[in-house]
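Observations on chain architecture
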Amino acid sequence: QKEVEQDPGPLSVPEGAIVSLNCTYSNSAFQYFMWYRQYSRKGPELLMYTYSSGNKEDGRFTAQVDKSSKYISLFIRDSQPSDSATYLCAIHGNQFYFGTGTSLTVIP
Amino acid sequence: GAGVSQTPSNKVTEKGKYVELRCDPISGHTALYWYRQSLGQGPEFLIYFQGTGAADDSGLPNDRFFAVRPEGSVSTLKIQRTERGDSAVYLCASSLAGRETQYFGPGTRLLVL
């Protein structure tokens, strides 16, 4: 079983929609959860970082961790064409584990 | 300030050749990571340096892969006897010691023919 699983999509939404991206993980001991955005031919860029459970909000982005279900989510409100990218979830256990990434396209 | 830089940006080589990939981390960052990213996949951990020493090299796939960071700043990933399956984007990231925020470079795209 992989440490973190992510639906690869692709996901296509109209501008202004709410986007929900999700990952599941295997080890209940994991405490640090991250979401990265990766544009084509670029390195990943950290969007959100959460320690333990709960929600964290930053502008149009909300990260949510449900440790009882071992489930993490990223919500994007009022999605914009510039949000079109691949979104990677990541978990820090004894090393960093990344999901496969979800490709998102926001259509104007 | 300058971010993480990686050179070359692209590298094409022939099967069996030796390649070196370079990473310049953000100044003052003591932690440095190498990852490999294949098409349609997330980054896969290779090795982690804290200062000059490799704190965790458990992700290196075999003994053809080796990395150094002799002065605790620039790092070089070395691949011997390259194989076609080594073709991927090699990403480097750095962070302050004890911090979870990693800053990634743009990657080196390696193609082994």
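Residues numbered from 1 in each chain as written. Chains lettered and ligands numbered in written order. Predicted model: local features only at pLDDT ≥ 70, side-chain atom pairs only at ≥ 80, totals over all residues. Heavy atoms only, no water.

Section: the overall build of chain A
Heads up, the rule is: Every helix listed is a DSSP run of H or I at least four residues long, and every strand listed is a run of E at least two residues long, numbered separately from the N terminus. With C-alpha atoms as the basis for the radius of gyration, the globule rule is written as 2.2 Å multiplied by the number of residues raised to the power 0.38.
When helices and strands are tallied, chain A shows 0 helices and 11 strands. Start at the N end of chain A and walk to the C end: the helices and strands fall as β-β-β-β-β-β-β-β-β-β-β. By the compact-globule yardstick of 13 Å for 108 residues, chain A fits well, its C-alpha radius of gyration being 13 Å. Oriented by its inertia axes, the alpha-carbon framework of chain A measures out at about 40 × 25 × 20 Å.

Re the sheet that holds strand E7 (residues 61–66) of chain A
All names here are of chain A. Note the following rule: By the convention used here, strands pair only if DSSP detects at least 2 bridges between them. The axes used here are C-alpha line fits, helices contributing only the stretch in contact, and every angle between their N-to-C directions lies in the interval 0 to 180 degrees.
Read from one edge to the other, the open sheet built from 5 strands follows the order E1-E3-E8-E7-E6, with strand pairing classed as antiparallel. Of all the strands in the sheet, the pair left with one neighbour each is strand E1 (4–6) and strand E6 (54–58). Strand after strand, the sheet turns through a mean of 15 degrees between neighbouring axes, direction not considered. Sheet topology places E1 next to strand E3 (residues 19–25); 3 bridges connect them, and they run antiparallel. In the strand pairing of E3, Gln6 is matched with Cys23.

A short note on the environment of A:Thr105
All names here are of chain A. Our working rule: A contact between two residues is defined here by any heavy atoms of the two lying within 4.5 Å.
Among the structural elements, Thr105 can be located in strand E11 (residues 102–107). Along the chain, Thr105 and Ser28 lie 77 residues apart, while their C-alpha atoms are 32 Å from each other. If sequence neighbours within four positions are ignored, Thr105 has contacts with Leu11, Ser12, Val13 and Ser84.

A look at the packing of aromatic side chains
Each aromatic ring pair is described using two quantities: the centre-to-centre distance and the angle formed by the ring planes. The condition that has to hold: Between the rings of Phe, Tyr and Trp (Trp by its six-membered ring), a pair exists once the centres lie within 6.5 Å; its type follows the angle of the planes, with under 30 degrees stacked, over 60 edge-to-face, and the other angles tilted. Three exposure classes are used, based on accessible area relative to the maximum for each residue type with a 1.4 Å probe and protein chains only: buried under 20%, partly exposed in between, and exposed over 50%.
For the structure on display, the rule yields 14 aromatic pairs over all chains. On the numbers, 5.1 Å between centres and 45 degrees between planes, the contact of A:Tyr25 with A:Phe33 is tilted. Like A:Phe33, A:Tyr25 is buried. Arranged with centres 5.5 Å apart and planes meeting at 85 degrees, the rings of A:Phe98 and B:Tyr35 form a pair that is edge-to-face. Of this pair, A:Phe98 sits in strand E10 (residues 96–98) while B:Tyr35 sits in strand E4 (residues 31–37), on two different chains. According to the relative accessible area criterion, A:Phe98 is buried, its value standing at 7%.

Points about the interface of chain A and chain B
Rules: A 3.5 Å cut-off defines polar contacts: any pair of N or O atoms within that distance qualifies, except that in protein one atom must be a possible hydrogen donor and the other a possible acceptor, and neighbouring residues in sequence count only when both atoms are side-chain atoms. Put simply, Ala, Val, Leu, Ile, Met, Phe, Trp, Tyr, Cys and Pro go in the nonpolar bin, Asp, Glu, Lys and Arg in the charged bin, and everything else, Gly too, in the polar bin.
Tallying the contact residues gives 19 residues for chain A and 19 residues for chain B. For the pair chain A and chain B, the interface holds 3 residue pairs in polar contact (both at pLDDT 80 or more). Of all the elements in the fold, those that place two or more residues in the side of chain A that touches chain B are strand E4 (32–38), strand E5 (45–51), strand E9 (85–92) and E10 of chain A. The residue inventory of the side of chain A that touches chain B, partitioned by class, reads 9 nonpolar, 7 polar and 3 charged.

Quick word on the pairing of E3(A)
Residue and element names in this part refer to chain A. Covered by surrounding structure in E3 are Val19, Leu21, Cys23 and Tyr25 only, the residues Ser20, Asn22 and Thr24 on the alternate face being uncovered. Bridge count for E3 against strand E8 (residues 71–76) is 6 bridges, and the pairing is antiparallel. Paired with Ser20 across the bridge in E8 is Phe75.

Here's the deal with the pairing of strand E6 (residues 53–56) of chain B
All names here are of chain B. Where strand E5 (residues 44–50) meets E6, 3 bridges bridge the pair, whose relative direction is antiparallel. Bridge pairing links Tyr48 to Asp56 in E6. Hairpin connection of E5 to E6: 2 residues between the antiparallel strands, including Gly51 at a positive phi of 70 degrees.

A closer look at the sheet that holds strand E1 (residues 5–7) of chain B
Across a sheet, paired strands are connected by hydrogen bonds in the backbone, their directions being either parallel or antiparallel. Residues and elements named next belong to chain B. Pairing is antiparallel in the open sheet, where 4 strands are placed in the order E1-E3-E8-E7. Of all strands in the sheet, those with a lone pairing partner are E1 and strand E7 (65–68), marking the two edges. Geometrically, the sheet is characterised by an average inter-axis angle of 15 degrees between neighbouring strands, direction not taken into account. With 4 bridges joining them, E7 and strand E8 (residues 75–79) adopt antiparallel strand pairing. From the neighbouring strand, Phe66 faces E8, where its bridge partner is Lys78.

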